[in-house]
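# Chain and residue survey
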Amino acid sequence: MRLFFDARYIRTDFHDGISRYSADLATAVFAAAPEHGVDVVFLVWDDAQRMLLPAGARVLKIHAPTALREPLTSMLLNRHRPDVVFSPMQTIGTIGRRFGLILTLHDMIYYRHRTPPRDLPGFVRLGWWLFHLSYIPQRITLNAADVVATVSRTSKRQFAQVRLTKRPVVVVPDAPQRLADLLPEGMPVAGGTRNLVYMGSFMPYKNVEALIRGMARLPGRTLHLLSRISPARRAELEALVTDGADVVFHGGVSDAEYARLLADRAVLVTTSLDEGYGLPIAEALAMGVPAVVSDLEIFHEVAGPGALYVDAEDPAGFAAAVTALDDDTVRDALVAAGAAHIAQFRWPESARVLLEVVAGLPRRR
């Protein structure tokens, strides 16, 4: 069985959610493929992506996923005779395909918040926005595959709720990276609630405003906002910081810096009003760091009993939850529950699920 794994979404500057999912799943699939009788070839468009794939991985270089030729991708791939193609996105062209196809839709967040990623070309951003005005284009796209993959049970339920596809939907779970491995040798994960860490964008639905307002009730602690932010958005949020509240805008951090901040008496926090997944929560729990998060269905799936859930519109309730973790007994119990829950999300298991789906598809047509 010959599998083409679409690795074109792996970024060579810094990972976003799709990029990290692609890279980590690619590594796990490559490791597990021989025992499943699968020969893997990775699709790339940038030679630098080869360095982010496992040593010894075979690659096929084609066009970028944002190229105007993307709708014709299947016609190109037919020449190379794959049995199955897996894409961690759903944009790969399907016209004339003669192979099994698994497309991935991670979540439905862009149907509720239609602002496309800002780093895409202008014409792609426009197309993205138009695409998400109705479910019809997505239905046509997903029904052109044999199987649709997604990253959570929550997303699978949401797809069914709006009848997004007639194809079978399989959950190939996202999994956290091991941030603890990036800590300086001998550095422990210190318990405490001195630092509140937020990793995520500053889109309006992320509701970072509630975190900042909550800091007025949390003297002696620091809120660390880690991601890159535009000057205009930073000015809006800085205007909400009250006297005595300590809020630090980092403007982007490396994974190693992220790990060190989480290891320093930290709580992972988010008061997002909506979310597609919540990978930072998973990363914190895997590192032994507790979380205070919005009461969202997807967060319950990701964190289980390993987080305190709060009303995202209630800064006072958020502050009270953080304060509750000052009790070592409460904090230790939460950390233990989170570690046990997040252990079920592992890349080898996700690779196994995907490769079993690949094995069940018909071979080259």
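For the structure itself, look to the data block above.
Residues numbered from 1 in each chain as written. Predicted model: local features only at pLDDT ≥ 70, side-chain atom pairs only at ≥ 80, totals over all residues. Heavy atoms only, no water.

## What to know about the sheet that holds strand S11 (residues 264-270)
Sheet architecture is open: 6 strands sit in the order S10-S9-S8-S11-S12-S13, paired in parallel fashion. Each having just a single partner strand, strand S10 (246-249) and strand S13 (307-310) make up the two edges of the open sheet. Taking the axes of each pair of neighbouring strands and ignoring which way they run, one obtains an average angle of 30° across the sheet. When strand S9 (residues 222-225) meets S10, the two strands line up parallel, connected through 4 bridges. Its bridge partner lying in S10, Leu 223 is registered against Val 247. Its contacts with the sheet put helix H9 (residues 255-263) on strand S8 (190-198), S9 and S11, and the angle it makes with S11 is roughly 105°. (Pairing = 2+ DSSP bridges. Helix = DSSP H or I, 4+ residues; strand = E, 2+ residues; numbered from the N terminus. Axes fitted to C-alpha atoms, helices over the stretch in contact; angles between N-to-C directions. Contact = heavy atoms within 4.5 Å.)

## Considering the packing of aromatic side chains
The tally for this structure, following the rule as stated, stands at 6 aromatic pairs. Consider the rings of Phe 5 and Phe 86, whose centres lie 5.1 Å apart with planes at 55°: the pair is tilted. Pair noted here: Phe 5 is in strand S1 (residues 2-6) and Phe 86 is in strand S4 (residues 84-86), with a separation of 81 residues, a long-range link. Phe 86 shares its class with Phe 5; the two are buried. A centroid spacing of 5.0 Å and a plane angle of 50° characterise the contact between Tyr 111 and Tyr 135, whose relative ring orientation is tilted. (Phe/Tyr/Trp six-rings, centres within 6.5 Å; stacked < 30°, edge-to-face > 60°. Buried < 20%, exposed > 50% of the residue type's maximum accessible area, 1.4 Å probe, protein only.)

## Remarks on the sheet that holds strand S2 (residues 39-44)
The strand order across the open sheet built from 7 strands is S3-S2-S1-S4-S5-S6-S7, with neighbouring strands paired in parallel fashion. Because the sheet does not close on itself, it has two edges, and the strands there are strand S3 (58-61) and strand S7 (169-171). The mean angle between the axes of side-by-side strands here comes to 25°, regardless of whether they run parallel or antiparallel. Relative to strand S6 (residues 147-150), strand S5 (residues 100-104) runs parallel, the two sharing 3 bridges.

## Concerning the packing of H9 against helix H10 (residues 279-287)
It is the contact of H9 with H10, at a shortest axis distance of 11 Å, that shows an interaxial angle of 60°. It follows that H9 is oblique to H10 by the angle criterion. Classified by chirality, the crossing of H10 by H9 is right-handed. For the pair formed by H9 and H10, the contact residues are Tyr 258, Ala 259, Leu 262 and Ala 263 on the first element and Pro 280, Glu 283, Ala 284 and Met 287 on the second. (Parallel < 35°, antiparallel > 145°, perpendicular 65-115°, else oblique. Left-handed = near helix turned anticlockwise from the far one by under 90°.)

## A few points about the pattern of salt bridges
Throughout the structure, instances matching the rule amount to 21 salt bridges. Residues Arg 157 and Glu 297 are paired through a salt bridge, measuring 2.6 Å at the closest nitrogen-oxygen approach. With a gap of 140 residues between them, Arg 157 in helix H6 (residues 153-161) and Glu 297 in helix H11 (residues 297-303) connect regions that are remote in the sequence. Of the residues examined, Arg 157 reaches a relative accessible area of 36% and is grouped as partly exposed. (Salt bridge = Lys/Arg side-chain N within 4 Å of Asp/Glu carboxyl O.)

## Considering helix H13 (residues 328-342)
With 15 residues, H13 ought to run about 21 Å at 1.5 Å a step, and its terminal C-alpha atoms sit 21 Å apart, in line with that. Of all the residues in H13, the buried ones are Arg 331, Leu 334, Val 335, Gly 338, His 341 and Ile 342. The arc that holds the buried residues of H13, viewed along the axis, is 135°, so those residues lie on one side. In H13, the exposed positions angled more than 90 degrees off the buried face are occupied by Asp 328, Thr 329 and Ala 340. Buried residues belonging to H13 abut S8, S11, H10, strand S12 (291-294), H11 and S13. Where H13 begins, the capping side chain belongs to Asp 327, and its oxygen is found 2.9 Å from the backbone nitrogen of Thr 329. (Expected span 1.5 Å × (residues − 1). Arc of directions from axis to C-beta. Polar contact = N/O pair within 3.5 Å; in protein donor to acceptor, adjacent residues only side chain to side chain.)

## Re the nonpolar core
Note that soluble globular proteins tend to have their nonpolar side chains buried in a common cluster. Formed by 64 residues in total, the largest nonpolar core has its most connected members in Leu 3, Phe 5, Leu 25, Val 29, Ile 102, Ile 281 and Leu 354. Judged by nonpolar contacts, the second largest core, of 25 residues, contains Met 215, Ile 229, Val 267 and Leu 325. (Core = buried A, V, L, I, M, F, W, Y, C linked by side-chain atoms within 4.5 Å.)

## Brief notes about the environment of Val 172
With respect to the helices and strands, the residue Val 172 is situated in the loop between S7 and S8. Taking the relative accessible area as the measure of exposure, Val 172 reaches 0% and is therefore buried. Spatially, the C-alpha atom of Val 172 lies 9.3 Å from that of Leu 25, the residues being 147 residues apart in sequence.

## A look at unusual backbone geometry
Of note in this structure, Asn 207 is not a glycine but carries a positive phi near 55°. Secondary-structure assignment places Asn 207 in the loop between S8 and helix H7 (208-214). Despite not being glycine, Arg 265 has its phi angle at roughly 50°, a positive value. Looking at the secondary structure, you find Arg 265 in strand S11.

## Observations concerning the environment of Thr 66
By secondary structure assignment, the location of Thr 66 is in the loop between S3 and helix H2 (73-78). Thr 66 gets classed as partly exposed once you look at its relative accessible area, which sits at 31%. Separated by 183 residues in sequence, Thr 66 and Phe 249 have C-alpha atoms that sit 32 Å apart.

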